[in-house]
Amino acid sequence: MSIDAQKPVICPARVTLDAAQLAFFGSLPAEAPSVQSELGCELERGHEGSHAALGAQVGATMWWIQWTLSASEINPYTWCPAGGPAAPSRDEMDCTLFLGHPGRHAPAGRPWQVSEMT
């Protein structure tokens, strides 16, 4: 069985948020959408370092959940500026991950897949 380079290669790791993390997201301003209690890693399969999933966006701040096998935390980031200046919406970004993410960029407007962007 071979891996088709056009199929998604997203990391399969998942995290379940604890009560304190859910309370943090619940305390964000009303424009922040509610977050699910279980999230999947949004990085490229085989990435180095901790896993990461976007929890919420409030203004210019993106709150990302980062986790390992032993711990998880919520960290503020800005969008990865790959391919051009920052855009107001995640759907308008050339990369839908955070600044300094490991691995390749995740193209906007379609599922994470192998990209020519480096």
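The rules behind the values
Residues numbered from 1 in each chain as written. Predicted model: local features only at pLDDT ≥ 70, side-chain atom pairs only at ≥ 80, totals over all residues. Heavy atoms only, no water. Pairing = 2+ DSSP bridges. Helix = DSSP H or I, 4+ residues; strand = E, 2+ residues; numbered from the N terminus. Axes fitted to C-alpha atoms, helices over the stretch in contact; angles between N-to-C directions. Contact = heavy atoms within 4.5 Å. pLDDT = per-residue confidence, 0-100.

**Details of the pairing of strand S5 (residues 72-77)**
On any regular strand, side chains alternate: one points to one face of the sheet, the next to the other face.
No. 1: Relative to S5, strand S4 (residues 61-67) runs antiparallel, the two being bridged by six bridges. Bridge pairing links Ile65 to Ile74 in S5.
No. 2: What sits between the antiparallel neighbours S4 and S5 is a turn of four residues.

**Notes on the sheet that holds S5**
No. 1: Here we have three strands laid out as an open sheet, ordered S3-S4-S5, and antiparallel in their pairing. Each of the sheet's edge strands pairs with one partner strand only, and the pair in question is strand S3 (51-58) and S5. Ignoring strand direction, the axes of neighbouring strands in this sheet form an average angle of 25°.
No. 2: Sheet strands touched by helix H1 (residues 19-26): S3, S4 and S5. Its angle to S5, the strand with the most contacts, is close to 25°.

**Observations regarding the confidence of the model for the protein chain**
No. 1: Across the protein chain, the average pLDDT comes to 78, with 71% of residues at 70 or higher.
No. 2: For residues 1-6, every residue scores under 50 in pLDDT, and the model assigns this stretch three contacts once sequence neighbours within four places are set aside.
No. 3: Taken together, the stretch residues 110-118 has pLDDT below 50 and engages in 28 contacts with residues farther than four places along the chain or on a different chain.

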